[in-house]
Amino acid sequence: MMVKQLNKLDKTALFAGFGIFLILAISVLAQSSWLIYSDNSVMNVISLYQDKMDIQIAEWISFFGSPTVATVLSILIILFAIWYQQKYVEAIWSVAFLATTSLVGVLLKLLFARPRPLDKLVPASGFSFPSGHVLATMILIILFWHFMLPYVKKGFWQRTTEFLLIFWVLLVALSRVYLHVHFPSDTIASVCLALGMAAFTKLGLEPIRSERNYKHFFRS
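Computed from a prediction, not measured in an experiment: that's the story for all the values here.

**With respect to helix H1 (residues 8-30)**
For H1, spanning 23 residues, the distance from its first C-alpha to its last is 33 Å, which sits close to the expected 33 Å at 1.5 Å a residue. The complete set of buried residues in H1 reads Asp10, Ala13, Leu14, Gly17, Phe21, Leu24, Ala25, Ser27 and Val28. Following H1 by one or two positions, Gln31 has its phi on the positive side, about 50 degrees.

**Some remarks on the nonpolar core**
Ranked by size, the top nonpolar core spans 36 residues in total, and within it Phe21, Trp93, Phe97, Phe129, Ile142 and Leu143 carry the most contacts. Those elements that place two or more of their residues in this core are H1, helix H4 (67-83), helix H5 (88-112), helix H6 (132-147), helix H7 (156-178) and helix H8 (184-200). Take this core: its biggest share by element is 10 residues, from H6. Filtering out sequence-adjacent residues up to four positions away, Phe97 remains in contact with Ile139, Ile142, Leu143, Ala194, Met197, Ala198 and Thr201. One finds Ile46, Ala58, Val177 and Tyr178 within the second-largest nonpolar core, a separate group that totals nine residues.

**Points about the packing of H4 against H5**
Where H4 meets H5, the closest approach of the two axes is 8 Å, and the angle between their N-to-C directions is 165 degrees. Our classification of the angle between H4 and H5 gives roughly antiparallel. Where H4 crosses over H5, the handedness of that crossing is left-handed. Every residue of H5 that contacts H4 at Thr71, Ser74, Ile75, Ile78 and Ile82 is listed here: Tyr88, Ala91, Ser94, Val95 and Leu98. Here the residues of the contact of H4 with H5 are counted per class, giving seven nonpolar, three polar and no charged.

**Observations regarding the side chain of Ser62**
Along the polypeptide, Ser62 turns up in helix H3 (residues 52-64). For Ser62, a relative accessible area of 6% corresponds to the buried category. Setting aside its immediate chain neighbours within four residues, Ser62 contacts His133, Ser175, Arg176 and Leu179.

**Topic: the environment of Ile57**
In this fold, Ile57 is placed in helix H3. By relative accessible area, Ile57 is classed as partly exposed at 42%. With 15 residues separating them in the primary sequence, Ile57 and Val42 have C-alpha atoms 19 Å apart.

**A look at the packing of H6 against H8**
As a packed pair, H6 and H8 sit with axes 8 Å apart at the nearest point and diverge in direction by 40 degrees. On the basis of their axis angle, the class for H6 and H8 is oblique. Crossing geometry of H6 relative to H8 is assigned as right-handed. Residues Val134, Leu135, Met138 and Ile142 of H6 pack against Thr187, Ser190, Val191, Leu193, Ala194, Leu195 and Ala198 of H8.

**What to know about the pattern of salt bridges**
Tallied over the entire structure, the rule returns three salt bridges. The shortest N-O distance in the salt bridge between Lys202 and Asp10 comes to 3.3 Å. You can see Lys202 sitting in the loop between H8 and helix H9 (205-219) and its partner Asp10 sitting in helix H1, a full 192 residues away along the chain. Considered together, Lys202 and Asp10 belong to a single accessibility category, that of buried residues.

The rules we used
- Residues numbered from 1 in each chain as written.
- Predicted model: local features only at pLDDT ≥ 70, side-chain atom pairs only at ≥ 80, totals over all residues.
- Heavy atoms only, no water.
- Helix = DSSP H or I, 4+ residues; strand = E, 2+ residues; numbered from the N terminus.
- Expected span 1.5 Å × (residues − 1).
- Buried < 20%, exposed > 50% of the residue type's maximum accessible area, 1.4 Å probe, protein only.
- Core = buried A, V, L, I, M, F, W, Y, C linked by side-chain atoms within 4.5 Å.
- Contact = heavy atoms within 4.5 Å.
- Axes fitted to C-alpha atoms, helices over the stretch in contact; angles between N-to-C directions.
- Parallel < 35°, antiparallel > 145°, perpendicular 65-115°, else oblique.
- Left-handed = near helix turned anticlockwise from the far one by under 90°.
- Nonpolar A, V, L, I, M, F, W, Y, C, P; charged D, E, K, R; others polar.
- Salt bridge = Lys/Arg side-chain N within 4 Å of Asp/Glu carboxyl O.

Written out as structure tokens, the structure reads:
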């Protein structure tokens, strides 16, 4: 079974990520009362702390966490993996991960067609579930974690970088909810979907590695 190729962390990401996403997706389709209550409760609390300055900060965070910015940075990391690291198999995975996850995110928006919150603080078009900003940011963070984090000095600096990466996706998610362009469940779903897709797209790595090793052995 191909799942056996994955390490423990990837298996957890695969099953937990897709599992939680599925629960949220079904709840959105069924318009479950617990989900509506949870989303509205969080948004009502956040609304108590809104002011003009915070809205501007949230807009800037949202801009730098946009799919356009995140995708461009993701592509740069992939190019780094190809030309500098020469990790060709991992680069194939990263392209597949970026492309398929982005496409799945768009298709899911159309499939669920969940309206955005009515009291948006900034203009936002399209549907709400899942969050495209958070999904693109998660793709970027996962690629950075995979290719760039090993170059950070181990110990304090690596742990600090890990914390900052996690903190950034939380900021992007919070900014989208703060601006009332997404429900909290939209952002959680995007995090889970990205984790699941990262593990799922790795399932094809081993056959590629085996093929490369075979050809290398054959040429020798």
